[in-house]
Amino acid sequence: MPDKCDITQNQPSPLRHADLLVQGGTVMTPNGAELIDIACSDGRIIAMGPLQGRWTANTCLNANGLHVLPGVIDSQVHFREPGLTHKEDLEAGTRGAVLGGVTGVFEMPNTNPLTLWREDLQAKLDAAKGRAWCDYAFYIGGSGVNAKQLHTLENLPGCAGVKVFMGSSFGDLLADDEAVLRSILSHGCRRMAVHAEDEARLRARKAIVEDSGNIFHHPDWRDVKSALNATRRIVAMAGETGRRLHILHISSAEEMQYLAQHKHRVTVEVTPHHLTMAAPECYQRLGSLAQMNPPVREQRHQDALWHAIQVGVVDVIGSDHAPHTLEEKSKPYPQSPSGMTGVQTLLPVMLDHVHAGRLSLQRLVDLTSAGPARIFGIEGKGRIAVGYDADLTLVDLAARRTISNKWIASLSGWTPYDDKPITGWPIHTVVRGLVVVRDEALMGAPTGHPIRFLETPAVN
């Protein structure tokens, strides 16, 4: 356990006492990078500044040489529980999250059973209690069967909002019918997350890969037009119904060009794998381990995603952590499932991009902390400020590590970044003032809580 600390410098009457003191780090505050200390009690930040000589604490964390970031929020993970726990569950998924510097996650509804009703959400909240290492919220799936109840369901405690699959899903969770989509959009007012691929086009083009059996044709089957058509369609309907949208895992230059004209209503997510990998090289090197929906595309698309980050079109980076076992991934394509691990590697991979000069640390903070809090209305998270939750991610920007499968906590046990050298690494992770990772090692027990959201008035 961390040692108690006393930084009163022998003064007889310390003014204040904290549960946790973070000393000597470069803190990424709303004012920029500041060399200050942070005092935390009862799970929140209670003081910031030059605190030496004025405070004692139960726990002291030495941040000398480190940068202290607001806790990273990964707003798109698939932890597979219930129903698919042979490849992931809430404990392992959140353990990987905190080892990677992530302090909060939004989990997706395509589990078994699907997360469509109050009882489904409550079952996930019950399963996470006492097992989640970080804070958490769960999406309700938007569907034809529950559309008229979504204005109530989206405001349940612990609900991250409504997630709609226009493609790449099954059963009641697939919402590709226009009448169903309009009903979903019309019942509720929280920002709605969307997987935008055109299901009809995907079905019509699947013969491309069924005939070839070649993983190199994955981006040909799930082509740019399938993504752009769905994106245009849902944005137009959202404009007619007045609904705010969050379009997930944008993968193409054409989508970014279109979405740049609709920022008044739509927020945009990109993923580390779309920013880091490019076809055809990734398929040649990794085969189906690089298989995702929407697919990793050619270099020109990756370049467009980076440009969209630079000019402010992108609001959030989410991992789309979606593990499958190596046995499942080794099936002949296209029987191999799409998805890869990502929550544990999100921050290391993005810190490596910071090191390479592709974005600033301040921009990364906005994409992984302030941005998610702002667009989803998260209470008390997303910045290092007095009164906010004491969620902190302490990183060494100069640390050199190599990502390996052995480091991955996911039950699936692998990463597409295996053997990738990285510069920049999470060292300590603090969730609500509790040090859960210290010197890169897990500590204590899982004590994650449901994430709180600002109240949104329900509408019919």
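These numbers come from a predicted model, not from an experiment.

Further remarks concern the overall build of the protein. When its secondary structure is counted, the protein shows 15 helices and 18 strands. By the compact-globule yardstick of 23 Å for 460 residues, the protein fits well, its C-alpha radius of gyration being 22 Å. Judged by the C-alpha coordinates and their principal axes, the protein covers about 75 × 50 × 40 Å. Taken over 460 residues, the protein has a buried fraction of 62%. Accessible surface, the protein: about 17,000 Å² in total, of which carbon and sulfur atoms supply 49%. When the 45 basic and 50 acidic side-chain charges of the protein are each reduced to a single mean position, those positions are 3 Å apart.

Moving on to the state of the cysteines. Under the definition given, this model contains zero disulfides. Unpaired in this structure, Cys 189 has its nearest cysteine sulfur neighbour in Cys 159, at a distance of 12 Å.

Glancing now at the sheet that holds strand β7 (residues 72-77). Either a parallel or an antiparallel arrangement is found when strands of a sheet pair, and the pairing is made through backbone hydrogen bonds. With parallel pairing, eight strands are arranged side by side in an open sheet as β7-β8-β9-β10-β11-β12-β13-β14. Edge positions in the open sheet fall to β7 and β14 (316-317), since each of these has one partner strand only.

Before going further, it helps to spend a moment on the packing of aromatic side chains. For the coordinates displayed, the defined rule picks out six aromatic pairs. With centroids separated by 5.1 Å and ring planes inclined at 70 degrees, the aromatic side chains of Phe 106 and Phe 376 adopt a geometry described as edge-to-face. Within this pair, whereas Phe 106 is found in strand β8 (residues 102-107), its partner Phe 376 is found in helix α15 (residues 361-376), the two being separated by 270 residues in sequence. Assessed through its relative accessible area of 7%, Phe 376 is described here as buried. One aromatic cluster in this structure is built from Phe 106, Tyr 139, Phe 376 and Phe 453. Note that Arg 190 overlies the ring of Phe 453, its terminal NZ or CZ placed 4.5 Å from the centroid. Note that Arg 222 overlies the ring of Trp 221, its terminal NZ or CZ placed 4.6 Å from the centroid.

Before going further, it helps to examine helix α2 (residues 118-128). Two residues of an α-helix separated by three or four positions point the same way, owing to the 3.6 residues in each turn. For α2, every residue scored as buried is listed here: Asp 120, Leu 121, Lys 124, Leu 125, Ala 127 and Ala 128. The arc that holds every buried residue of α2, seen down its axis, measures 165 degrees, which confines them to one face. The inward-facing, buried residues of α2 contact α1 (90-99), β8, β9 (135-141) and β10 (159-165).

Alignment of strand β2 (residues 16-29) against strand β6 (residues 67-70), held across two bridges, turns out to be parallel. Within the sheet, the bridge partner assigned to Val 27 lies in β6 and is Val 68. Relative to strand β15 (residues 392-403), β6 is paired through four bridges, and the arrangement is antiparallel. From the neighbouring strand, Val 68 faces β15, where its bridge partner is Leu 394.

To continue, consider the packing of helix α4 (residues 178-186) against helix α8 (residues 224-241). Relative orientation of the contacting elements α4 and α8 amounts to 45 degrees, with a least axis distance of 10 Å. Taken together, the axis directions place α4 and α8 in an arrangement best described as oblique. Between α4 and α8 the crossing geometry is right-handed. Residues Glu 178, Leu 181, Arg 182, Leu 185 and Ser 186 of α4 form the contact with α8, whose participating residues are Arg 233, Ile 234, Met 237, Ala 238, Glu 240 and Thr 241. Residues belonging to the contact of α4 with α8 are distributed by class as follows: five nonpolar, two polar and four charged.

Once that is clear, we can look at empty space enclosed by the protein. Vacant regions in the atomic arrangement are exposed by a probe of water-molecule size rolled over the atoms. Overall, the coordinates contain three cavities of 30 Å³ or more when judged by the stated rule. Of the volumes computed, that of the largest cavity is approximately 50 Å³. Lining of the largest cavity is provided by Pro 272, His 273, Ser 319, Met 340, Thr 341, Gly 342, Thr 345, Leu 346 and Tyr 417. A per-class count over the lining of the largest cavity returns four nonpolar, five polar and no charged.

Time to look at the pattern of salt bridges. By the definition in use, this model includes 25 salt bridges. A salt bridge links Arg 243 to Glu 154; the shortest N-O distance between them is 3.2 Å. Here the residue Arg 243 occupies a position in the loop between α8 and β12 (245-247), and Glu 154 occupies one in the loop between α3 (150-153) and β10, the gap between them amounting to 89 residues. Take Glu 154: its relative accessible area is 0%, and that puts it in the buried class. Each of Arg 44, Asp 135, Glu 379, Lys 381, Asp 389, Asp 391, Arg 432 and Arg 452 takes part in salt bridges that share partners, so that together they form one network.

Calculation notes
Residues numbered from 1 in each chain as written. Predicted model: local features only at pLDDT ≥ 70, side-chain atom pairs only at ≥ 80, totals over all residues. Heavy atoms only, no water. Helix = DSSP H or I, 4+ residues; strand = E, 2+ residues; numbered from the N terminus. Rg over C-alpha atoms; globule rule 2.2 N^0.38 Å. Buried < 20%, exposed > 50% of the residue type's maximum accessible area, 1.4 Å probe, protein only. Areas by Shrake-Rupley, 256 points an atom, 1.4 Å probe, with all protein chains shown as cover. Lys, Arg positive; Asp, Glu negative; His and termini not counted. Charge placed at Lys NZ, Arg CZ, Asp CG, Glu CD. Disulfide = S-S within 2.5 Å. Pairing = 2+ DSSP bridges. Phe/Tyr/Trp six-rings, centres within 6.5 Å; stacked < 30°, edge-to-face > 60°. Lys NZ or Arg CZ within 6 Å of the ring centre and 35° of its normal. Arc of directions from axis to C-beta. Contact = heavy atoms within 4.5 Å. Axes fitted to C-alpha atoms, helices over the stretch in contact; angles between N-to-C directions. Parallel < 35°, antiparallel > 145°, perpendicular 65-115°, else oblique. Left-handed = near helix turned anticlockwise from the far one by under 90°. Nonpolar A, V, L, I, M, F, W, Y, C, P; charged D, E, K, R; others polar. 1 Å grid on protein atoms, 1.4 Å probe; cavity = no way out; pocket = protein on both sides within 12 Å on 5 of 7 lines; lining within 4 Å. Points joined across faces, edges and corners; volume = space filled by probe spheres on them. Salt bridge = Lys/Arg side-chain N within 4 Å of Asp/Glu carboxyl O.

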